Amino acid sequence: MNAPAPVELIRQHLIDPEVCIRCNTCEETCPVDAITHDGRNYVVKVEICNGCNACISPCPTGSIDHWRLVPRSQAYSIEDQFSWDELPAQAELPADAAATMLPAVDETLQSNAARSPSSANAPWSAAQPSLQLFTHKSPLNATVAGNFRLTAADAEADVRHIVLDFGTHFFPLLEGQTIAVTPPGNDDSGRPHTPRMYSIASPRSGEREGYNNASLTVKRVTVDHEGRPARGVASNYLCDLKKGDTVQVTGPFGDRFLMPNHPGSNILMICTGTGSAPMRAMTEHRRRLRAAGKALAGRLMLFFGARRPEELPYFGPLAKLPPEFIDTTLAFSRVPGQPRAYVQDRMRERARDVAELLAGDTFVYICGLKGMETGVLQALQEACTLAGIDWPSLHDRYVNEGRFHVETY
Ligand SMILES: Cc1cc2nc3c(=O)[nH]c(=O)nc-3n(C[C@H](O)[C@H](O)[C@H](O)COP(=O)(O)OP(=O)(O)OC[C@H]3O[C@@H](n4cnc5c(N)ncnc54)[C@H](O)[C@@H]3O)c2cc1C
Ligand code: SF4
Ligand code: SF4
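Values in this document were obtained by computation on a predicted structure and should not be read as measured data.

Parameters at a glance
Residues numbered from 1 in each chain as written. Chains lettered and ligands numbered in written order. Predicted model: local features only at pLDDT ≥ 70, side-chain atom pairs only at ≥ 80, totals over all residues. Heavy atoms only, no water. Near = heavy atom within 4 Å. Nonpolar A, V, L, I, M, F, W, Y, C, P; charged D, E, K, R; others polar. Helix = DSSP H or I, 4+ residues; strand = E, 2+ residues; numbered from the N terminus. Buried < 20%, exposed > 50% of the residue type's maximum accessible area, 1.4 Å probe, protein only. Polar contact = N/O pair within 3.5 Å; in protein donor to acceptor, adjacent residues only side chain to side chain. Core = buried A, V, L, I, M, F, W, Y, C linked by side-chain atoms within 4.5 Å. Contact = heavy atoms within 4.5 Å. Pairing = 2+ DSSP bridges. Axes fitted to C-alpha atoms, helices over the stretch in contact; angles between N-to-C directions. Phe/Tyr/Trp six-rings, centres within 6.5 Å; stacked < 30°, edge-to-face > 60°. Salt bridge = Lys/Arg side-chain N within 4 Å of Asp/Glu carboxyl O. Areas by Shrake-Rupley, 256 points an atom, 1.4 Å probe, with all protein chains shown as cover. Domains from an automatic or database assignment.

1. Brief notes about the site of ligand 3
Around ligand 3 there are 14 residues in total, and Cys20, Cys23, Cys26, Cys59 and Thr61 lie nearest to it. For the shell around ligand 3, the per-class residue count stands at nine nonpolar, four polar and one charged.

Dropping the structure here:
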(Lines give C-alpha, C1' and ligand atoms only; values in the text may rest on other atoms or scores of the structure.)
(Ligands and ions follow the chains in the order given, each with its own letter.)
Protein backbone atom coordinates (compact mmCIF):
# COMPACT_ATOMS: atom_id res chain seq x y z
CA MET A 1 0.00 0.00 0.00
CA ASN A 2 1.31 3.49 -0.88
CA ALA A 3 2.12 5.88 2.02
CA PRO A 4 -0.26 8.91 2.18
CA ALA A 5 1.06 11.98 0.33
CA PRO A 6 2.73 14.49 2.71
CA VAL A 7 0.78 17.63 3.57
CA GLU A 8 1.75 20.30 1.07
CA LEU A 9 2.90 23.56 2.63
CA ILE A 10 2.86 26.98 1.05
CA ARG A 11 4.54 30.21 2.12
CA GLN A 12 1.57 32.55 2.45
CA HIS A 13 2.02 36.29 2.05
CA LEU A 14 0.16 38.32 4.72
CA ILE A 15 -0.18 41.94 5.87
CA ASP A 16 0.13 42.97 9.52
CA PRO A 17 -3.14 44.84 10.28
CA GLU A 18 -1.69 46.42 13.42
CA VAL A 19 1.05 48.25 11.55
CA CYS A 20 -0.52 48.78 8.10
CA ILE A 21 -1.68 52.38 7.66
CA ARG A 22 -4.03 51.56 4.73
CA CYS A 23 -2.16 53.81 2.30
CA ASN A 24 -3.06 51.69 -0.77
CA THR A 25 0.52 51.71 -2.11
CA CYS A 26 0.74 47.91 -2.26
CA GLU A 27 -2.58 47.58 -4.08
CA GLU A 28 -1.39 50.12 -6.66
CA THR A 29 1.98 48.36 -7.00
CA CYS A 30 0.99 44.70 -7.29
CA PRO A 31 1.31 43.75 -10.98
CA VAL A 32 -1.20 40.90 -10.73
CA ASP A 33 -3.89 42.51 -8.51
CA ALA A 34 -3.29 40.11 -5.63
CA ILE A 35 -3.98 42.78 -3.00
CA THR A 36 -7.41 44.08 -2.06
CA HIS A 37 -9.03 45.78 0.92
CA ASP A 38 -12.30 46.44 2.70
CA GLY A 39 -13.02 49.29 5.12
CA ARG A 40 -10.93 47.51 7.71
CA ASN A 41 -7.88 45.64 6.36
CA TYR A 42 -5.55 45.26 3.39
CA VAL A 43 -5.22 41.57 2.46
CA VAL A 44 -3.42 39.31 -0.01
CA LYS A 45 -5.24 36.78 -2.21
CA VAL A 46 -3.31 33.57 -1.72
CA GLU A 47 -4.39 32.07 -5.03
CA ILE A 48 -3.03 35.04 -7.01
CA CYS A 49 0.12 36.22 -5.18
CA ASN A 50 3.20 34.81 -6.89
CA GLY A 51 5.73 36.16 -4.37
CA CYS A 52 7.34 38.56 -6.82
CA ASN A 53 8.21 41.03 -3.99
CA ALA A 54 7.30 44.10 -6.05
CA CYS A 55 5.13 45.39 -3.19
CA ILE A 56 7.72 44.97 -0.42
CA SER A 57 10.01 47.93 -0.92
CA PRO A 58 7.29 50.57 -1.65
CA CYS A 59 5.36 49.74 1.56
CA PRO A 60 6.18 52.63 3.91
CA THR A 61 5.61 50.68 7.14
CA GLY A 62 7.06 47.22 6.46
CA SER A 63 3.64 45.73 7.36
CA ILE A 64 3.49 43.99 3.97
CA ASP A 65 6.55 41.83 4.57
CA HIS A 66 5.01 38.90 6.50
CA TRP A 67 4.95 35.26 5.49
CA ARG A 68 3.58 32.14 7.16
CA LEU A 69 4.07 28.50 6.27
CA VAL A 70 0.62 26.92 6.10
CA PRO A 71 -0.81 23.69 4.69
CA ARG A 72 -2.21 24.60 1.27
CA SER A 73 -5.65 23.32 2.26
CA GLN A 74 -5.69 25.61 5.32
CA ALA A 75 -4.42 28.84 3.72
CA TYR A 76 -5.98 31.97 5.19
CA SER A 77 -8.82 33.25 2.99
CA ILE A 78 -9.34 36.97 2.38
CA GLU A 79 -12.42 36.74 4.67
CA ASP A 80 -10.15 35.44 7.46
CA GLN A 81 -7.72 38.30 6.84
CA PHE A 82 -10.47 40.95 6.75
CA SER A 83 -11.52 39.93 10.27
CA TRP A 84 -8.04 40.16 11.86
CA ASP A 85 -7.02 42.73 14.44
CA GLU A 86 -3.57 41.22 14.56
CA LEU A 87 -1.47 38.82 12.54
CA PRO A 88 -1.70 35.18 13.69
CA ALA A 89 1.54 33.61 14.91
CA GLN A 90 3.20 30.89 12.86
CA ALA A 91 1.12 27.77 13.62
CA GLU A 92 2.74 24.45 14.43
CA LEU A 93 3.06 22.36 11.28
CA PRO A 94 2.16 18.70 10.73
CA ALA A 95 5.17 16.43 11.14
CA ASP A 96 4.78 15.00 7.62
CA ALA A 97 4.49 18.42 5.93
CA ALA A 98 6.47 19.03 2.73
CA ALA A 99 7.66 22.61 2.57
CA THR A 100 7.30 23.36 -1.09
CA MET A 101 7.75 27.10 -0.49
CA LEU A 102 5.02 28.15 -2.83
CA PRO A 103 4.24 30.63 -4.25
CA ALA A 104 6.76 29.46 -6.80
CA VAL A 105 8.52 32.63 -7.76
CA ASP A 106 9.05 33.23 -11.41
CA GLU A 107 12.63 34.41 -11.96
CA THR A 108 11.56 37.13 -14.37
CA LEU A 109 9.10 38.49 -11.85
CA GLN A 110 11.73 38.48 -9.13
CA SER A 111 14.27 40.27 -11.26
CA ASN A 112 11.65 42.85 -12.25
CA ALA A 113 11.02 43.47 -8.58
CA ALA A 114 14.75 43.68 -7.95
CA ARG A 115 14.89 46.34 -10.66
CA SER A 116 12.65 48.56 -8.56
CA PRO A 117 13.91 52.18 -8.60
CA SER A 118 14.47 52.26 -4.85
CA SER A 119 16.96 50.41 -2.64
CA ALA A 120 15.78 47.53 -0.50
CA ASN A 121 18.56 48.31 1.99
CA ALA A 122 19.66 51.27 4.04
CA PRO A 123 23.11 52.83 3.41
CA TRP A 124 25.78 50.62 5.00
CA SER A 125 26.77 53.32 7.49
CA ALA A 126 23.22 54.36 8.49
CA ALA A 127 22.36 54.36 12.19
CA GLN A 128 20.15 51.53 13.43
CA PRO A 129 16.55 52.81 13.35
CA SER A 130 13.95 52.16 16.05
CA LEU A 131 10.73 50.82 14.52
CA GLN A 132 7.06 50.73 15.54
CA LEU A 133 7.56 51.66 19.18
CA PHE A 134 3.96 52.91 19.15
CA THR A 135 1.19 51.05 17.26
CA HIS A 136 -2.58 51.43 16.67
CA LYS A 137 -3.23 49.61 19.91
CA SER A 138 -0.85 51.74 21.94
CA PRO A 139 -0.36 55.09 20.17
CA LEU A 140 1.66 57.96 21.57
CA ASN A 141 -0.11 61.20 22.50
CA ALA A 142 2.21 63.97 21.34
CA THR A 143 1.69 67.63 22.27
CA VAL A 144 1.85 70.37 19.66
CA ALA A 145 4.71 72.69 20.61
CA GLY A 146 4.32 74.96 17.57
CA ASN A 147 2.56 75.33 14.22
CA PHE A 148 4.05 77.86 11.78
CA ARG A 149 3.12 78.66 8.20
CA LEU A 150 6.15 78.15 5.93
CA THR A 151 4.70 79.53 2.72
CA ALA A 152 4.06 83.24 2.17
CA ALA A 153 0.69 84.58 3.35
CA ASP A 154 -0.41 85.19 -0.27
CA ALA A 155 0.86 81.83 -1.56
CA GLU A 156 -1.70 79.33 -2.78
CA ALA A 157 -0.13 76.45 -0.87
CA ASP A 158 -0.47 76.39 2.92
CA VAL A 159 2.54 74.39 4.10
CA ARG A 160 3.11 74.16 7.85
CA HIS A 161 6.05 73.42 10.10
CA ILE A 162 4.53 71.52 13.01
CA VAL A 163 6.59 70.75 16.11
CA LEU A 164 5.50 67.80 18.24
CA ASP A 165 6.71 67.19 21.78
CA PHE A 166 6.88 63.61 23.01
CA GLY A 167 7.15 64.43 26.71
CA THR A 168 8.83 61.66 28.67
CA HIS A 169 8.22 58.98 26.02
CA PHE A 170 11.19 57.32 24.34
CA PHE A 171 10.63 58.01 20.63
CA PRO A 172 13.96 58.17 18.79
CA LEU A 173 13.69 59.25 15.14
CA LEU A 174 16.23 59.26 12.36
CA GLU A 175 16.33 61.54 9.34
CA GLY A 176 14.27 59.91 6.55
CA GLN A 177 11.93 58.07 8.92
CA THR A 178 8.20 58.71 9.02
CA ILE A 179 5.51 58.70 11.67
CA ALA A 180 1.77 58.23 11.20
CA VAL A 181 -0.89 60.55 12.57
CA THR A 182 -4.44 59.33 13.20
CA PRO A 183 -7.03 62.10 12.81
CA PRO A 184 -9.82 61.96 15.40
CA GLY A 185 -13.33 60.90 14.40
CA ASN A 186 -14.78 58.58 11.78
CA ASP A 187 -14.91 58.47 8.01
CA ASP A 188 -18.12 58.48 5.92
CA SER A 189 -18.67 54.78 6.56
CA GLY A 190 -18.50 55.32 10.33
CA ARG A 191 -15.08 53.72 10.78
CA PRO A 192 -12.24 55.47 12.61
CA HIS A 193 -10.01 57.45 10.24
CA THR A 194 -6.93 55.60 9.04
CA PRO A 195 -3.50 56.99 9.96
CA ARG A 196 -1.54 59.13 7.45
CA MET A 197 2.24 59.13 7.06
CA TYR A 198 4.45 62.20 7.50
CA SER A 199 8.22 62.47 7.08
CA ILE A 200 10.26 63.77 9.97
CA ALA A 201 11.72 67.17 9.10
CA SER A 202 14.09 67.47 12.05
CA PRO A 203 17.42 65.74 12.68
CA ARG A 204 17.92 62.91 15.18
CA SER A 205 18.83 65.37 17.92
CA GLY A 206 15.34 66.88 17.68
CA GLU A 207 13.85 70.06 16.31
CA ARG A 208 15.30 71.76 19.34
CA GLU A 209 18.39 70.07 20.71
CA GLY A 210 17.98 68.83 24.26
CA TYR A 211 14.20 68.58 23.93
CA ASN A 212 12.30 65.39 23.14
CA ASN A 213 10.62 66.75 20.02
CA ALA A 214 10.46 66.53 16.22
CA SER A 215 8.96 68.51 13.36
CA LEU A 216 6.78 67.70 10.34
CA THR A 217 6.26 69.60 7.08
CA VAL A 218 2.57 69.32 6.21
CA LYS A 219 0.75 70.65 3.17
CA ARG A 220 -2.94 71.41 3.59
CA VAL A 221 -4.72 69.35 0.91
CA THR A 222 -7.52 71.45 -0.60
CA VAL A 223 -7.67 69.79 -4.03
CA ASP A 224 -7.21 66.16 -5.03
CA HIS A 225 -4.54 64.86 -7.42
CA GLU A 226 -6.75 65.81 -10.38
CA GLY A 227 -7.17 69.39 -9.12
CA ARG A 228 -10.80 68.99 -7.97
CA PRO A 229 -11.73 70.61 -4.65
CA ALA A 230 -11.18 68.18 -1.74
CA ARG A 231 -10.66 68.67 1.97
CA GLY A 232 -7.87 66.35 3.09
CA VAL A 233 -8.81 64.89 6.47
CA ALA A 234 -5.44 64.54 8.18
CA SER A 235 -3.61 67.46 6.57
CA ASN A 236 -6.37 69.95 7.47
CA TYR A 237 -6.56 68.52 10.98
CA LEU A 238 -2.78 68.93 11.41
CA CYS A 239 -2.58 72.37 9.80
CA ASP A 240 -5.34 73.66 12.15
CA LEU A 241 -3.72 72.38 15.36
CA LYS A 242 -2.88 74.88 18.08
CA LYS A 243 -0.03 74.87 20.54
CA GLY A 244 -0.93 72.56 23.44
CA ASP A 245 -3.27 70.30 21.40
CA THR A 246 -2.56 66.57 21.53
CA VAL A 247 -2.12 64.31 18.49
CA GLN A 248 -2.22 60.53 18.21
CA VAL A 249 1.01 59.28 16.68
CA THR A 250 2.33 55.82 15.72
CA GLY A 251 5.74 54.72 14.47
CA PRO A 252 8.57 55.26 13.83
CA PHE A 253 8.49 53.70 10.35
CA GLY A 254 11.20 53.27 7.75
CA ASP A 255 14.41 51.26 7.79
CA ARG A 256 15.76 52.09 4.29
CA PHE A 257 15.38 55.77 3.43
CA LEU A 258 18.09 56.67 5.97
CA MET A 259 21.17 58.86 5.61
CA PRO A 260 24.75 57.57 5.49
CA ASN A 261 26.86 58.34 8.57
CA HIS A 262 30.40 58.03 7.23
CA PRO A 263 31.98 61.49 6.88
CA GLY A 264 33.11 61.01 3.26
CA SER A 265 29.64 60.24 1.91
CA ASN A 266 28.06 62.65 -0.56
CA ILE A 267 24.30 63.17 -0.51
CA LEU A 268 22.36 64.09 -3.65
CA MET A 269 18.86 65.29 -2.70
CA ILE A 270 16.07 65.92 -5.21
CA CYS A 271 12.71 67.08 -3.90
CA THR A 272 9.56 69.05 -4.48
CA GLY A 273 7.18 70.64 -1.96
CA THR A 274 6.86 68.70 1.29
CA GLY A 275 9.39 66.21 -0.09
CA SER A 276 11.82 68.70 1.42
CA ALA A 277 11.10 67.35 4.93
CA PRO A 278 13.65 64.51 4.94
CA MET A 279 16.15 66.71 3.06
CA ARG A 280 15.85 69.39 5.76
CA ALA A 281 16.42 66.69 8.41
CA MET A 282 19.56 65.34 6.71
CA THR A 283 20.95 68.79 5.95
CA GLU A 284 20.35 70.00 9.49
CA HIS A 285 22.04 66.90 10.93
CA ARG A 286 25.14 67.57 8.82
CA ARG A 287 24.98 71.31 9.67
CA ARG A 288 24.95 70.55 13.40
CA LEU A 289 27.87 68.11 13.02
CA ARG A 290 29.81 70.77 11.12
CA ALA A 291 28.96 73.43 13.73
CA ALA A 292 30.29 71.02 16.39
CA GLY A 293 33.63 70.89 14.54
CA LYS A 294 33.27 67.39 13.01
CA ALA A 295 35.34 66.96 9.84
CA LEU A 296 32.97 66.11 6.96
CA ALA A 297 34.55 65.58 3.56
CA GLY A 298 31.27 64.51 1.92
CA ARG A 299 29.36 66.98 -0.26
CA LEU A 300 25.68 67.92 -0.21
CA MET A 301 23.88 68.73 -3.43
CA LEU A 302 20.20 69.74 -3.48
CA PHE A 303 17.69 70.21 -6.31
CA PHE A 304 14.49 71.69 -4.93
CA GLY A 305 11.35 72.48 -6.93
CA ALA A 306 8.26 74.55 -6.14
CA ARG A 307 5.79 76.68 -8.04
CA ARG A 308 7.17 80.00 -6.80
CA PRO A 309 9.81 81.07 -4.25
CA GLU A 310 6.93 82.08 -1.92
CA GLU A 311 5.75 78.45 -1.95
CA LEU A 312 9.09 76.85 -1.24
CA PRO A 313 9.17 75.51 2.34
CA TYR A 314 12.28 76.59 4.30
CA PHE A 315 13.33 79.04 1.56
CA GLY A 316 14.72 81.62 4.04
CA PRO A 317 16.87 79.27 6.16
CA LEU A 318 18.02 77.44 3.03
CA ALA A 319 19.23 80.65 1.40
CA LYS A 320 21.44 81.31 4.46
CA LEU A 321 23.38 78.03 4.15
CA PRO A 322 26.82 78.69 2.62
CA PRO A 323 27.53 77.22 -0.83
CA GLU A 324 30.64 75.43 0.47
CA PHE A 325 28.30 73.49 2.80
CA ILE A 326 25.49 72.74 0.34
CA ASP A 327 25.25 73.18 -3.43
CA THR A 328 21.61 74.22 -3.92
CA THR A 329 19.73 74.60 -7.20
CA LEU A 330 16.11 75.77 -7.15
CA ALA A 331 13.50 75.24 -9.86
CA PHE A 332 10.30 77.27 -10.11
CA SER A 333 7.45 76.28 -12.38
CA ARG A 334 5.02 79.23 -12.00
CA VAL A 335 6.96 82.48 -11.75
CA PRO A 336 5.15 85.10 -13.87
CA GLY A 337 7.20 86.10 -16.90
CA GLN A 338 9.65 83.22 -16.53
CA PRO A 339 9.71 79.89 -18.39
CA ARG A 340 8.52 76.94 -16.34
CA ALA A 341 11.40 74.99 -14.82
CA TYR A 342 11.16 71.67 -13.00
CA VAL A 343 13.86 69.91 -10.95
CA GLN A 344 14.72 67.63 -13.87
CA ASP A 345 15.36 70.69 -16.09
CA ARG A 346 17.80 72.12 -13.57
CA MET A 347 19.47 68.72 -13.21
CA ARG A 348 20.01 68.62 -16.99
CA GLU A 349 21.63 72.06 -16.87
CA ARG A 350 24.00 70.76 -14.19
CA ALA A 351 24.44 67.31 -15.73
CA ARG A 352 28.25 67.41 -15.52
CA ASP A 353 28.19 68.13 -11.73
CA VAL A 354 25.50 65.52 -11.15
CA ALA A 355 27.49 62.86 -13.03
CA GLU A 356 30.67 63.79 -11.17
CA LEU A 357 28.90 63.30 -7.86
CA LEU A 358 27.35 60.00 -8.99
CA ALA A 359 30.81 58.70 -9.84
CA GLY A 360 31.87 59.12 -6.19
CA ASP A 361 30.73 57.77 -2.81
CA THR A 362 27.22 59.14 -3.21
CA PHE A 363 23.73 58.39 -1.88
CA VAL A 364 20.67 59.64 -3.78
CA TYR A 365 17.33 60.67 -2.23
CA ILE A 366 14.22 61.57 -4.24
CA CYS A 367 11.09 62.74 -2.39
CA GLY A 368 7.88 64.53 -3.34
CA LEU A 369 4.78 63.98 -5.40
CA LYS A 370 4.58 60.78 -7.47
CA GLY A 371 4.66 62.66 -10.76
CA MET A 372 8.29 63.78 -10.28
CA GLU A 373 9.85 60.32 -10.36
CA THR A 374 9.92 59.62 -14.10
CA GLY A 375 11.44 62.98 -15.07
CA VAL A 376 14.12 62.77 -12.37
CA LEU A 377 15.15 59.24 -13.36
CA GLN A 378 15.33 60.39 -16.98
CA ALA A 379 17.55 63.37 -16.03
CA LEU A 380 19.90 61.12 -14.04
CA GLN A 381 20.14 58.77 -17.00
CA GLU A 382 20.94 61.64 -19.36
CA ALA A 383 23.60 63.04 -17.01
CA CYS A 384 25.28 59.63 -16.88
CA THR A 385 25.09 59.07 -20.62
CA LEU A 386 26.74 62.46 -21.30
CA ALA A 387 29.56 61.54 -18.91
CA GLY A 388 30.02 58.09 -20.50
CA ILE A 389 28.64 56.30 -17.43
CA ASP A 390 26.42 53.28 -18.08
CA TRP A 391 23.21 54.32 -16.24
CA PRO A 392 21.50 50.89 -16.00
CA SER A 393 24.52 49.31 -14.31
CA LEU A 394 25.17 52.35 -12.09
CA HIS A 395 21.49 52.41 -11.10
CA ASP A 396 21.50 48.66 -10.33
CA ARG A 397 24.65 49.06 -8.24
CA TYR A 398 23.19 52.06 -6.39
CA VAL A 399 19.98 50.15 -5.66
CA ASN A 400 21.88 47.05 -4.48
CA GLU A 401 24.23 49.07 -2.28
CA GLY A 402 21.44 51.03 -0.54
CA ARG A 403 22.45 54.24 -2.35
CA PHE A 404 19.19 55.00 -4.14
CA HIS A 405 16.08 56.02 -2.22
CA VAL A 406 12.73 57.15 -3.58
CA GLU A 407 9.75 58.22 -1.49
CA THR A 408 6.88 59.66 -3.50
CA TYR A 409 3.24 59.96 -2.52
C1 LIG B 1 5.80 57.69 3.09
C2 LIG B 1 4.94 58.92 3.04
C3 LIG B 1 5.44 60.12 3.52
C4 LIG B 1 4.64 61.27 3.47
N5 LIG B 1 5.15 62.45 3.94
C6 LIG B 1 4.40 63.58 3.87
C7 LIG B 1 4.92 64.82 4.36
O8 LIG B 1 6.06 64.91 4.85
N9 LIG B 1 4.13 65.92 4.26
C10 LIG B 1 2.84 65.87 3.73
O11 LIG B 1 2.16 66.91 3.70
N12 LIG B 1 2.34 64.69 3.26
C13 LIG B 1 3.07 63.56 3.35
N14 LIG B 1 2.55 62.37 2.89
C15 LIG B 1 1.15 62.37 2.41
C16 LIG B 1 0.22 62.22 3.63
O17 LIG B 1 0.38 60.94 4.21
C18 LIG B 1 -1.25 62.35 3.27
O19 LIG B 1 -1.53 61.47 2.21
C20 LIG B 1 -1.65 63.76 2.86
O21 LIG B 1 -1.42 64.67 3.94
C22 LIG B 1 -3.13 63.81 2.50
O23 LIG B 1 -3.86 63.28 3.56
P24 LIG B 1 -5.30 63.86 3.90
O25 LIG B 1 -5.88 63.00 4.97
O26 LIG B 1 -5.22 65.32 4.15
O27 LIG B 1 -6.08 63.67 2.54
P28 LIG B 1 -7.22 62.57 2.26
O29 LIG B 1 -8.43 62.92 3.07
O30 LIG B 1 -6.62 61.22 2.48
O31 LIG B 1 -7.44 62.76 0.73
C32 LIG B 1 -8.28 63.78 0.21
C33 LIG B 1 -8.15 63.82 -1.29
O34 LIG B 1 -6.89 64.41 -1.65
C35 LIG B 1 -6.12 63.51 -2.44
N36 LIG B 1 -4.72 63.64 -1.94
C37 LIG B 1 -4.13 62.93 -0.98
N38 LIG B 1 -2.87 63.36 -0.77
C39 LIG B 1 -2.67 64.38 -1.62
C40 LIG B 1 -1.56 65.24 -1.88
N41 LIG B 1 -0.39 65.13 -1.21
N42 LIG B 1 -1.74 66.18 -2.85
C43 LIG B 1 -2.90 66.31 -3.51
N44 LIG B 1 -3.99 65.51 -3.30
C45 LIG B 1 -3.87 64.57 -2.37
C46 LIG B 1 -6.69 62.15 -2.19
O47 LIG B 1 -6.54 61.31 -3.32
C48 LIG B 1 -8.17 62.44 -1.94
O49 LIG B 1 -8.85 62.59 -3.15
C50 LIG B 1 3.32 61.22 2.93
C51 LIG B 1 2.83 60.00 2.46
C52 LIG B 1 3.62 58.87 2.51
C53 LIG B 1 3.06 57.56 1.99
S1 SF4 C 1 4.49 39.68 -3.67
FE2 SF4 C 1 4.06 40.36 -5.83
S3 SF4 C 1 2.19 39.22 -6.37
FE4 SF4 C 1 2.36 39.10 -4.14
S5 SF4 C 1 1.13 40.79 -3.39
FE6 SF4 C 1 3.25 41.53 -3.55
S7 SF4 C 1 3.38 42.47 -5.58
FE8 SF4 C 1 1.53 41.21 -5.58
S1 SF4 D 1 1.08 50.28 4.84
FE2 SF4 D 1 2.02 48.75 3.47
S3 SF4 D 1 0.64 47.01 3.60
FE4 SF4 D 1 -0.50 48.74 4.41
S5 SF4 D 1 -1.66 49.55 2.63
FE6 SF4 D 1 0.29 50.71 2.76
S7 SF4 D 1 1.69 49.59 1.38
FE8 SF4 D 1 -0.06 48.21 1.84
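2. Describing the side chain of His262
For His262, the location among the structural elements is in the loop between strand E11 (246-253) and strand E12 (266-272). Look at His262 and you get buried, because its relative accessible area is 12%. At 2.8 Å, the side chain of His262 forms a polar contact with the side chain of Asp361.

3. Remarks on the nonpolar core
With 26 residues, the main nonpolar core has Leu268, Ile270, Leu358, Ile366, Leu380 and Phe404 as its most contacted residues. Elements with a minimum of two residues in this core: E12, strand E13 (300-306), helix H7 (343-349), helix H8 (351-358), strand E15 (362-368), helix H9 (372-386), helix H10 (391-400) and strand E16 (404-408). The biggest single contributor to this core is H9, with seven residues. Ignoring sequence-local partners within four residues, the contact set of Leu380 consists of Leu268, Met347, Val354, Leu358, Ile366, Trp391 and Phe404. Counting residues in each nonpolar core, the second largest holds 23 residues, with Phe134, Leu173, Val181 and Val218 among its members.

4. Describing the sheet that holds strand E6 (residues 140-149)
A sheet is described by the order of its strands in space; here six strands give the open sequence E9-E8-E11-E6-E7-E10, paired in antiparallel fashion. Edge positions in the open sheet fall to strand E9 (196-199) and strand E10 (213-219), since each of these has one partner strand only. In this sheet, neighbouring strand axes are inclined to one another by 40° on average, regardless of whether the strands run parallel or antiparallel. Contacting strand E7 (159-165), E9 and E10, helix H5 (residues 276-291) runs over the sheet at an angle of about 150° to E10.

5. Quick notes on the packing of aromatic side chains
Throughout the structure, instances matching the rule amount to five aromatic pairs. Ring centres of Tyr76 and Trp84 lie 4.9 Å apart, and the angle between their planes is 80°; this geometry places the pair in the edge-to-face category. Here the two residues Tyr76 and Trp84 agree in accessibility, since each one is buried. Relative to Phe171, the ring of Phe134 lies with its centre 5.5 Å away and its plane at 70°, an arrangement referred to as edge-to-face. Of this pair, Phe134 sits in the loop between helix H3 (107-114) and E6 while Phe171 sits in the loop between E7 and strand E8 (178-182), placing them 37 residues apart in sequence. For the pair Phe134 and Phe171, one class covers both residues: buried. Counting every residue linked through ring pairs, the aromatic cluster contains Phe134, Phe166 and Phe171.

6. Details of the pattern of salt bridges
Within this structure, the stated rule accounts for 30 salt bridges. One salt bridge in this structure joins Asp345 and Arg348, with 3.6 Å as the shortest N-O distance. Here Asp345 pairs with Arg348, and both are found in helix H7, just three residues apart, close to one helical turn. For Arg348, a relative accessible area of 33% translates into the label partly exposed. The shortest N-O distance in the salt bridge between Asp361 and Arg403 comes to 2.8 Å. With Asp361 in the loop between H8 and E15 and Arg403 in the loop between H10 and E16, this residue pair connects regions lying 42 residues apart in the sequence. What makes Asp361 partly exposed here is its relative accessible area of 26%. For Arg403, a relative accessible area of 11% gives the class buried. Connected through salt bridges with shared partners, the residues Arg149, Asp158, Arg160, Arg220, Arg231 and Asp240 form a single ionic network.

7. Remarks on the site of ligand 1
Every one of the 21 residues lining ligand 1 counts as a neighbour, but Met197, Tyr198, Thr217, Ala234 and Ser235 are closest to it. Between Met197 and ligand 1, the recorded distance is 2.6 Å, taken from a backbone N or O atom to an oxygen atom. A distance of 3.2 Å separates an oxygen atom of ligand 1 from a polar atom in the backbone of Ser199. Bound to the protein, ligand 1 loses 79% of the 910 Å² it would expose on its own. For the shell around ligand 1, the secondary-structure elements that each account for two or more residues are E9, E10 and helix H4 (233-239).

8. Let's talk about the domain arrangement of the protein
One frequently used descriptor of interface size is the decrease in accessible area upon assembly of the parts. Here the protein is partitioned into domain 1 (7-119), domain 2 (140-253) and domain 3 (266-408). In this complex, domain 1 contributes seven residues to the contact, which on the side of domain 3 involves 12 residues. Summed over the shared surface of domain 1 and domain 3, the result is one salt bridge. Ionic pairing is found between Lys370 and Glu28, a salt bridge with its closest N-O pair at 4.0 Å.

9. Notes on the sheet that holds E15
Taken in spatial order, the five strands make up an open sheet running E14-E13-E12-E15-E16, and their pairing is parallel. Unpaired on one side and paired on the other, strand E14 (327-332) and E16 mark the two borders of the sheet. In this sheet, neighbouring strand axes are inclined to one another by 10° on average, regardless of whether the strands run parallel or antiparallel. One ladder, built from six bridges, connects E13 with E14; its direction is parallel. Bridging across to E14, Leu302 finds its partner in Thr328.

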